[in-house]
Amino acid sequence: MRVPIIVKDLSTQERKGIEAKDGFEEHEIANEDYFLDGPVSARVAVLDFDEKTGACRPVPLTKDRKGYEHGPPPAPNSPVSPEYLSVSVFGTVHKVMGIFEEPDTLGRRLTWAFDRPQLLVVPRAGEMANAFYERESRSLQFFQIDDKVHHRRVFAAASQDIVAHETSHAVLDAIAPDLYDAMTPQSLAMHEAIADLVALHCGLRYRPLSDKVLSDMDGDLGKASSTAFSILAAELGEARDSRANYLRDISVKRGLPGARADYAPVATTKPHELSTVLSGALYCVLLQAYSATRADLETKPTPQQEKLIVAYGDGNRQHGIWRAALYLTTQRFKRFVFRALDYLPPGDATWIDLAHAMHACDNAYHPDADALRSAFADELVNRAVATTTELELPSLPSADLIAGMDLATLLGSDWAAYEWVGRHRVELGIPDKVPFNVRQRLDVKKKVYHRGGKTASPRELVIKIAWEETEDNPAGLAIASRRSVTRGTTVAIQWVEDGEKSRVIAHVTSYDAKRDREARDELLLRLTDEGRLSRARGAASKQFASSELYAEVAGDVMTLKGGARLLHIVGDDT
Amino acid sequence: MTAPIRIRAYNVEFGDAILVTVPDEDDQGHPKTRQLLIDVGNKNGKRGGNKVFGAVVDAIHEAIKPDGIDLYVMTHEHLDHVEGLAEYVKTHQKLPFAIDRVWMTASAAPDYAARFPNAIREKKKLCSMYYALARLAAAQGLDNTDDRIFALLENNDPDMTDRCVNFLRTLAPTKTHYVHRGMDVSKLHPFRTARLAVWAPEEDSTAYYARKKEAPFSALGELDEKAARTYDAQRPIPLAGVDVSAFYNLVERRELSLMEGLFAIDKAANDTSVVFCFEWKRRKLLFVGDAEQMSWRMMDANNLLEPVSFLKIGHHGSHNATPPDELLQKILPKGQQGKAILSTCVNGYNGVPDEDTLKRIKSRATVVSTQDVMPGSWVDVEIEPG
């Protein structure tokens, strides 16, 4: 089915002089079993609750002249009618899912982190400058407010940036579910940074916008620190605070305390603010990659790249180079960042864990092209996120790890998986005598591009193992004297039909840093001090006040549940 | 030898009615007993709970006669603290005793809107939210079937509360004071052998009303009062093809959010509670109304918290009105076994009284509870002079 989706948002379109006809794009949704009024598909259901009554009404799907099943077009001067909003948000959610499911990203079909097949999407959730994903209600909620300066109603669901961002939280929850219960600020900030990068990615794929930006910058994206790409959620940002031009700018140059002098230090446990260090680092990597690709295309394009330049150029070679460079960079960046998410170790994964996962994943298929890996490592070191030593990837376990193991059995049999992990716990880095839990075992088939246009479709078995470690809580935290933190390891095995040739290509284990323990202390103390963390009576997910966080306590050990709710629900935004 | 001061808590089911009998002196320095009455209210009116006020007010009269009440304190504008005297007059035409002087929380002042327009604007938002939530609850049949929602709706009803507060303003029209932290109350009370200090609330209550985030799932817009009172609420039904279980789970969470909205309203009023320290013969008695954590944090920030001999446990023993251990230690230090009164009722509010909270207080003070006596009856705590 093809549906029209709003691209970026109305403010950005106005600022960049994008014509109304280019303000939306048609997105084709494939891979779904059915489509119904609502719109509803097997994995996504839009629930439009009427603002006046609270009743839920379906938006009908109609057919347009082209014969596509299509949402109703926007009414004149009212591009964000409830009907259009519902169709657009439906399409955008599917678009983001598609980005992750593409063969050159995860190469597998997503299933949600919760126990039901459908993600519920509420495009008009209420009066608030907010939007969020919540696992407990299996939903995305988009709110709305009045823009009193421009005299218009602003819907978070009408911002592609916001919808992409929130959908990414749901997708990331499906990929790395432990992050939702994390109590490590960097883990929560990672959720946020990845969500911003997906929003960025959607903007980069929007041709009318990218043409404007490339043209304004003469093809040099580093010319200005901030561009329409790096600015996210302009319309809602403006409506919320007329002095602001956006909700987020990921081009900011920030680092952790101790960063190089030209990076503004960020010393906080608030995930949103903290996330700008990571997203800023990756944005810099993107700009560097674009710049290098553009230089390559200008000087020594391969025959395939030459074809791309011509196809993108519309008769203008310079424009063709810029556009082709942006396209290639965007795709490469997607593979560098998002494909690595399957390699994250379970538990409270930190930015060093992410860096290890990205390095391992990229190195597995592009061992000779290390420009992105080096650039990212430099950015992290400059920002005092990690030292060069901390970023070094431990060597891979020996071939004995999978010697004689039938991978199909390892994939399909829980018993075999536990037996295998138990036998190799030392090589896998699992602490002695600690019970472990075998998590996802993924069978994925990826598409890998090599220089010169060659492609490959390797099959992988990805196995994740988690365990719990306890550590002291800070003095003054009344809830419990100790806490349980989930940690883990991920092993990726390239699966070759001839079992003898299968090999371990990645092994990423949670990195334990003192500063992360201190950051957990600080976060828990802050939440307690602000009166937003209390002890759960029963399961935390069943607790009453959805604007608070709950700790489950057993004996004198606590664990935080739903820490990711800090991202928008519980109001920890900057 | 000076008689002890007596704190008497009446079982009004769910609410407060506290009578403090103070061995004091008259202007000539002769012994004279004075009476301090705090609140008198109950949230169970719609379910017949108001019947208890007859017995309670008569019992207060019996305890103090032939004297009247020297000082009456209305801690905050919640039905379970303000309804009793007005209800008694409704059925008995007049109170059986006189009230000489009245303290009310600062934000109940008639000119408060003119002096603190921001606070009133925030308060009005919560009132509008209340009306819309009440209609939403009614549309979903929750106002009668869910006891927690029923309790919150009844206790926070702005119209009923306003009527009661208006009545209380008439008790001692020329001697009614709207008190807050930092106010010099030394000449605003009748006690010659006692010093009173108001620890809370802040005079500007904006922070109490404005800090509440909107309920995360509330589908309600920011309705004005008129729109809120006529809100046309409907119960949603699932669309074809939508996972029914997930749909109703979402609807349920939206309904829970309704509770959360009501809690936000409830907390805001609780935090406007008059908290005062009654210092008598080297003993300090602390009466806290229903002040919640924000109020406690502000009191602590103002360096007001100090050890007391007696605590009226806040908010009927809920977990959110007793401060965390580090602050509790400042008022009830471990090892100096103080005394405390709990005025509460089981099944009145969800999680009230909270067993863990009571355990924490009991490790520091001997607790006497109105739960141990029948409605209309009372429990006493006596504090000897220091």
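Everything quoted here is computed from the prediction, not taken from an experiment.

1. Points about the overall build of chain B
Here's step 1: When helices and strands are tallied, chain B shows 13 helices and 13 strands.
Here's step 2: Looking at the 386 residues of chain B, the share that counts as buried comes to 60%.
Here's step 3: Looking at chain B as shown, the accessible area adds up to about 15000 Å², and 50% of this sits on carbon and sulfur atoms.
Here's step 4: If the 48 positive side-chain charges of chain B are averaged to one point and the 54 negative ones to another, these points end up 2 Å apart.

2. Observations regarding the sheet that holds strand E4 (residues 71-74) of chain B
Residues and elements named next belong to chain B.
Here's step 1: Sheet architecture is open: seven strands sit in the order E6-E5-E4-E3-E2-E1-E13, paired in mixed fashion. The open sheet is flanked by strand E6 (176-179) and strand E13 (378-383), the only strands paired with a single partner. Adjacent strand axes in the sheet meet at a mean angle of 20°, parallel and antiparallel pairs treated alike.
Here's step 2: As paired elements, strand E5 (residues 102-105) and E6 share four bridges and run parallel to each other. Looking across to E6, one finds that Trp-103 is bridged to His-177.
Here's step 3: The strands touched by helix H7 (residues 158-169) are E4, E5 and E6; relative to E5, the strand with the most contacts, the crossing angle is about 145°.

3. Details of the pairing of E13(B)
Residues and elements named next belong to chain B.
Here's step 1: Burial along E13 is one-sided: Val-379, Val-381 and Ile-383 are buried, while Trp-378, Asp-380 and Glu-382, pointing the other way, are not.
Here's step 2: Summarising the sheet, strand E1 (residues 5-10) and E13 pair through six bridges and their orientation is antiparallel. Following the sheet pairing, Ile-5 is matched in E13 by Ile-383.

4. Considering the pattern of salt bridges
All names here are of chain B.
Here's step 1: Following the criterion strictly, the structure yields 64 salt bridges over all chains and no others.
Here's step 2: Across the pair Lys-65 and Glu-62 runs a salt bridge, and its minimum N-O distance is 3.2 Å.
Here's step 3: Between Arg-195 and Glu-279 there is a salt bridge whose closest N-O contact spans 2.9 Å. Taken together, the residues span a long stretch of sequence, with Arg-195 in strand E7 (residues 194-200) and Glu-279 in strand E8 (residues 275-280) at a distance of 84 residues.

5. Examining the nonpolar core
Here's step 1: Counting residues in hydrophobic clusters, the biggest one holds 141 residues, and the most contacted among them are Phe100(A), Phe142(A) and Phe376(A).
Here's step 2: Among the elements that line this core, the one with the most residues is helix H7 (residues 271-299) of chain A, at twelve residues.
Here's step 3: Setting aside its immediate chain neighbours within four residues, Phe100(A) contacts Thr105(A), Leu106(A), Gly107(A), Leu110(A), Ser168(A), Val171(A), Ile175(A), Val198(A), Phe338(A) and Leu341(A).
Here's step 4: Counting 41 residues, the second-largest nonpolar core is a separate cluster that includes Phe53(B), Ala59(B), Ile60(B) and Ala86(B).

6. Focus: helix H4 (residues 185-204) of chain A
Here's step 1: With 20 residues, H4(A) should reach 28 Å at 1.5 Å per residue; the first-to-last C-alpha distance of 28 Å fits that figure.
Here's step 2: Counting buried positions along H4(A) yields 20 of 20 residues, so the element is predominantly enclosed.

7. What to know about the confidence of the model for chain B
Here's step 1: Model confidence for chain B is summarised by a mean pLDDT of 89, while 92% of its residues fall at 70 or above.
Here's step 2: Scoring of the predicted complex yields 0.80 for pTM and 0.84 for ipTM.

8. Re the sheet that holds E8(B)
Residues and elements named next belong to chain B.
Here's step 1: Pairing within the open sheet is mixed, and its six strands lie in the order E7-E8-E9-E10-E11-E12. Each edge of the open sheet carries a strand with a single partner, namely E7 and strand E12 (365-369). Between one strand axis and the next, the sheet turns by 20° as a mean value, whatever way the strands run.
Here's step 2: Those strands touched by helix H13 (residues 355-362) are strand E11 (338-342) and E12, and its axis lies near 130° from that of E12.

About the thresholds
Residues numbered from 1 in each chain as written. Chains lettered and ligands numbered in written order. Predicted model: local features only at pLDDT ≥ 70, side-chain atom pairs only at ≥ 80, totals over all residues. Heavy atoms only, no water. Helix = DSSP H or I, 4+ residues; strand = E, 2+ residues; numbered from the N terminus. Buried < 20%, exposed > 50% of the residue type's maximum accessible area, 1.4 Å probe, protein only. Areas by Shrake-Rupley, 256 points an atom, 1.4 Å probe, with all protein chains shown as cover. Lys, Arg positive; Asp, Glu negative; His and termini not counted. Charge placed at Lys NZ, Arg CZ, Asp CG, Glu CD. Pairing = 2+ DSSP bridges. Axes fitted to C-alpha atoms, helices over the stretch in contact; angles between N-to-C directions. Contact = heavy atoms within 4.5 Å. Salt bridge = Lys/Arg side-chain N within 4 Å of Asp/Glu carboxyl O. Core = buried A, V, L, I, M, F, W, Y, C linked by side-chain atoms within 4.5 Å. Expected span 1.5 Å × (residues − 1). pLDDT = per-residue confidence, 0-100.

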